[in-house]
Amino acid sequence: MTAQIKYDDVEVGTELPAASFPVTRATLVQYAGASGDFNPIHWNERFAKEVGLPDVIAHGMFTMAQAIRVVTDWAGDPGAVVEYGVRFTNPVVVPDDGTGAVIDVTAKVAAKLDGNQVRVDLVATAAGQKVLGRSRAVVALA
Amino acid sequence: MALDQSFVGRSYPPTDPYEVGREKIREFAVAVGDAHPVYTDPEAAKAAGYPDVIAPPTFVFAITFAAAGQVVADPQLGLDYSRVVHGDQKFAYTRPVRAGDRLSVTSTIEAVRTMAGNDIIDIRGEVHDETGEHVVTAWTKLVSRAPEEA
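Residues numbered from 1 in each chain as written. Chains lettered and ligands numbered in written order. Predicted model: local features only at pLDDT ≥ 70, side-chain atom pairs only at ≥ 80, totals over all residues. Heavy atoms only, no water.

1. Points about the overall build of chain A
Link 1 in the chain: Of regular secondary structure, chain A possesses 4 helices and 5 strands.
Link 2 in the chain: Along chain A, from the amino end to the carboxyl end, the secondary structure elements read β-α-α-α-α-β-β-β-β.
Link 3 in the chain: Expressed as a percentage of the 142 residues in chain A, the buried residues total 48%.
Link 4 in the chain: Partitioning the intrachain contacts of chain A with sequence separation of at least 6 by distance along the chain shows that 66% fall at a separation of at least 24.
Link 5 in the chain: Here chain A displays about 6300 Å² of accessible surface, and carbon together with sulfur accounts for 50% of that area.
Link 6 in the chain: Counting 12 positive and 16 negative side-chain charges, chain A places the centres of these two groups 5 Å from one another. (Helix = DSSP H or I, 4+ residues; strand = E, 2+ residues; numbered from the N terminus. Buried < 20%, exposed > 50% of the residue type's maximum accessible area, 1.4 Å probe, protein only. Contact = heavy atoms within 4.5 Å. Areas by Shrake-Rupley, 256 points an atom, 1.4 Å probe, with all protein chains shown as cover. Lys, Arg positive; Asp, Glu negative; His and termini not counted. Charge placed at Lys NZ, Arg CZ, Asp CG, Glu CD.)

What follows is the structure, given as structure tokens:
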């Protein structure tokens, strides 16, 4: 495991490069297949509306997978992630309009820990709403 | 219906091993749009210090959630799965999941409670490889929403 960011080069407050991740219905169908989560709320608009959702929503785990990419792309080594946790606060609504939705992710170093590890706090939003709460990762740096 | 508190601390038998395949990791990495070569190129993975390609951090959820199905479907617990939403998810890794791993999950109910008619259950899945080495622990909070008032 060899993160490319040095522990000594970051401070509390250091911002990671932000990123935006598009998501369409096709993305969700592909993720359903890859993850084995075929809950129809993620691909069937009629079903989603029947259970009270505004439209098809992204898998929470898909959103979680997108958000951590800000950390793994920054660290350079995905295996450097030691802990990662989120709360699913709002769904990412994915309309069938040819555009879909965008998940915007920002992150910053919130604490320097022992053993060359840092805690990174993430903020993920879609359509101006926070979609992940208490989203934190612990990363082992070089 | 309030869940039975006596389920707290209950563990379920370890699952049969799930064999992690290179192509399944590739499929997952493509699905989340992540082109990092350590997920798909064994040489890149070796250069990064791994014996084979590794999986993205959230890949293991498919395995631990399937294992949590033992809990969710336990007829004695009585969780209404049709109303379940995923509340929280956390992972703590000893090492990344990698191709060739044969992973077994032991699920334990850490907490159950009922708030405003919603049943909430916390499940911990301990993931070990075929040698018994710990790989990752997954904590999953599921919320079974109260039915709407008629």
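From this point on, the discussion continues.
2. Re the UniProt feature "domain: FAS1-like dehydratase" (unreviewed entry) in chain B
Link 1 in the chain: Here the UniProt-annotated "domain: FAS1-like dehydratase" (unreviewed entry) positions come out as residues 6–137 of chain B.
Link 2 in the chain: Counted over residues 6–137 of chain B, helix gives 21% and strand 31%. Its end C-alpha atoms are 23 Å apart. (UniProt positions renumbered as here; feature names shortened; annotations may be inferred.)

3. Describing the UniProt feature "domain: MaoC-like" (unreviewed entry) in chain A
Link 1 in the chain: Those places that UniProt annotates as "domain: MaoC-like" (unreviewed entry) correspond, in this numbering, to residues 16–106 of chain A.
Link 2 in the chain: Helix makes up 35% of residues 16–106 of chain A and strand 24%, with an end-to-end C-alpha separation of 7 Å.

4. Focus on helix α1 (residues 25–35) of chain A
Link 1 in the chain: Taken together, the buried positions of α1 of chain A are occupied by Arg 25, Thr 27, Leu 28, Tyr 31, Ala 32, Ala 34 and Ser 35 of chain A.
Link 2 in the chain: Packing partners of the buried residues in α1 of chain A comprise β1 (15–23), α2 (45–50) and α3 (60–67) of chain A together with α1 (22–31) and α3 (61–72) of chain B.

5. Overview of the interface of chain B and chain A
Link 1 in the chain: Taken together, the 30 residues of chain B in the interface contact 31 residues of chain A.
Link 2 in the chain: Of the roughly 2400 Å² buried at the junction of chain B and chain A (both faces included), carbon and sulfur atoms supply 56%.
Link 3 in the chain: Area buried by chain B at its contact with chain A is led by Ala 31, Val 32 and Tyr 93 of chain B, which between them contribute 19% of it.
Link 4 in the chain: Where chain B touches chain A, the interface holds 4 salt bridges.
Link 5 in the chain: With a shortest N-O distance of 3.3 Å, Arg 134 of chain A and Asp 88 of chain B are connected by a salt bridge. (Buried area = accessible area lost by both parts, 1.4 Å probe. Salt bridge = Lys/Arg side-chain N within 4 Å of Asp/Glu carboxyl O.)

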